[in-house]
Structures are given as structure tokens and as C-alpha cells.
Amino acid sequence: MVSNDPPVSSGPLEPWPDTVRWQSISSDLIWVELLRLSAVVVVVSAGIGIGWALSGTWPFGAALGAVLLFAVWRAVTIVRAVRAWGYAEREDDLLVRHGLLVRRLSIVPYSRMQFVDVSAGPLERAFDLATVQLHTAAAASDARVPGLRPAEASRLRDRLTALGEDRAEGL
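As the structure is a prediction and not an experimental result, all values here were calculated from the model. (Residues numbered from 1 in each chain as written. Predicted model: local features only at pLDDT ≥ 70, side-chain atom pairs only at ≥ 80, totals over all residues. Heavy atoms only, no water.)

Q: Explain the overall build of the protein here, please?
A: On a plain count of helices and strands, the protein comes out with 4 helices and 7 strands. Secondary structure of the protein in N-to-C order comes out as β-α-α-β-β-β-β-α-β-β-α. Here the protein, with 171 residues, has 32% of them falling under the buried criterion. Taking all contacts inside the protein whose residues are at least 6 apart in sequence as the whole, residues at least 24 apart take part in 49%. (Helix = DSSP H or I, 4+ residues; strand = E, 2+ residues; numbered from the N terminus. Buried < 20%, exposed > 50% of the residue type's maximum accessible area, 1.4 Å probe, protein only. Contact = heavy atoms within 4.5 Å.)

In C-alpha cells, the structure reads:
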């Protein structure tokens with residue numbers, strides 16, 4: 001039996017589930033973010049630990065416990081947040097989605113792009129990753145795609161730049 005019902009969208013953040021091929025980012029970004037978190041936790045814990053050792057009062061111990069509890073919670077959310085990132089290239093625009101609690105879907109028309117950045121900090125380079133940042137006339141509409149391999153970041157940058165130039169010629 002064939003249904004004549006229109007396809008049901010799974011919500012405003014998944015407007016084209018059957019027509020969009022989402023690309024995921026590298027799971028190595030999880031390690032980059034966990035290392036960043038670890039550095040912050042070590043510095044904060046050392047400061048609290050020194051304060052606790054010098055004063056011997058219980059609020060420092062409670063603060064240290066809170067920091068460690070926060071670190072565990074943040075580690076779990078980092079894993080889920082990295083897995084939530086995705087991007088899709090369409091004929092006229094780029095879709096970027098991310099977020100856990102607050103989901104975000106950005107649609108960036110190629111004709112509105114002013115320039116495309118590719119960046120990689122020391123930790124990203126250590127894990128062979130890069131971030132593609134799209135800049136448009138409206139700062140609020142800028143989108144970024146982290147956790148890409150350098151070859152994919154370069155390909156995406158070149159494709160977006162070429163499509164942006166082609167689409168801007170018609171304006």
C-alpha cells in the first residue's frame with residue numbers, strides 16, 4: 001500500500017531530511033576539546049588546591065569537588081556537541097547545524113559570502129584538523145565548520161569561494 005501523505009519534516013532544524021546529504025566533522029575534534037578542558041581544569045584545580053593547602057578550610061575542598069564534577073559533565077557534553085556538528089553543500093547555499101540544548105541551523109547563501117577563512121591552532125594542527133569560517137555582510141550570519149581535515153577544509157574553501165564569486169556576478 002502506497003501512502004499519498006506529504007513527507008513529514010522532523011522539525012524546523014531538519015527542513016530537508018530526504019534531500020540534504022549531511023557531512024559530519026572529524027571525531028578527533030573531541031580530543032582537541034577534551035585537551036583544552038583538561039588544561040583549564042588543571043590550572044583551576046591547582047589554584048584551588050593551593051588555597052586549600054594554605055588555609056585548610058572546607059570550602060576549598062567543596063570548590064575542588066565542584067570543579068571536578070563540572071569537568072566530567074563538560075567532557076560528556078563535548079562528545080555529544082562534536083557529534084551534533086554537520087554541514088551540507090547545496091546548489092545555492094551551505095547549511096551548518098550544531099548545538100545540543102539550543103540547536104542551530106545556519107543557511108548561508110553563496111552569493112552573500114564576502115570571504116572564507118581557514119584556520120588551525122596548535123592543538124588542531126597536532127590532530128591534523130582545521131576550521132572553515134564563512135564571513136558575510138551580516139556578522140550574525142557568519143558560520144563556521146570546525147574539525148575538518150586540511151584537505152577537506154581547502155576543498156571546501158575553494159568551492160565556497162568559487163561559488164560565491166559566480167553567484168555574486170549576477171548581483
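More follows now that the structure is in view.
Q: Would you explain a nonpolar patch on the surface in this entry?
A: On the surface, Leu100, Leu101 and Val102 cluster together into a nonpolar patch covering about 350 Å² of accessible area. You can see Val102 is positioned in the loop between β3 (93-98) and β4 (104-109). (Patch = residues over 30% accessible without salt bridge, like charges linked within 9 Å, V, L, I, M, F, W, Y side chains within 5 Å. Areas by Shrake-Rupley, 256 points an atom, 1.4 Å probe, with all protein chains shown as cover. Salt bridge = Lys/Arg side-chain N within 4 Å of Asp/Glu carboxyl O.)

Q: Honestly, the packing of aromatic side chains in this entry has me stumped. Any pointers?
A: A ring pair, where both rings are aromatic, is described by two values, the distance of the centres and the angle of the planes. Summed over all chains, the structure comprises 1 aromatic pair. Ring centres of Phe70 and Trp73 lie 5.8 Å apart, and the angle between their planes is 40 degrees; this geometry places the pair in the tilted category. Pair noted here: Phe70 and Trp73 are both in helix α2 (residues 58-84), with a separation of 3 residues, about one helical turn. Over the aromatic face of Trp22 sits the side chain of Arg97, whose NZ or CZ is 4.3 Å from the ring centroid. (Phe/Tyr/Trp six-rings, centres within 6.5 Å; stacked < 30°, edge-to-face > 60°. Lys NZ or Arg CZ within 6 Å of the ring centre and 35° of its normal.)

Q: Any chance you could explain the environment of Ala143 here in plain terms?
A: Relative to the helices and strands, Ala143 resides in strand β7 (residues 143-148). Discounting chain neighbours no more than four positions away, the residues touching Ala143 are Val96, Ser106, Val108, Val132, Gln133 and Leu134.

Q: Hey, could you run me through α2 in this one?
A: Owing to its 3.6 residues per turn, the α-helix aligns residues three or four sequence positions apart on the same side. Under the 1.5 Å per step criterion, the end-to-end length of α2 is 39 Å for 27 residues, consistent within 8% with the ideal 39 Å. Along α2, the residues classified as buried are Gly61, Leu64, Val67, Ala71, Thr77, Ile78, Val82 and Ala84. For α2, the secondary structure elements touched by its buried residues are α1 (28-55), β2 (86-89) and β3. (Expected span 1.5 Å × (residues − 1).)

Q: Looking at this model, I keep getting lost on the nonpolar core. Mind explaining?
A: The tendency in soluble globular proteins is for nonpolar side chains to be buried as a group. By size, the foremost hydrophobic cluster in this structure holds 32 residues, and its most contacted members are Val132, Leu148 and Leu160. In terms of residue count, α1 provides more of this core than any other element does, 7 residues in total. Here Val132 is in contact with Val116, Asp117, Val118, Ala143, Arg144, Val145, Leu148, Ala153, Leu156 and Leu160, once residues within four sequence places are set aside. (Core = buried A, V, L, I, M, F, W, Y, C linked by side-chain atoms within 4.5 Å.)

Any functional reading would require information that these geometric values do not contain.
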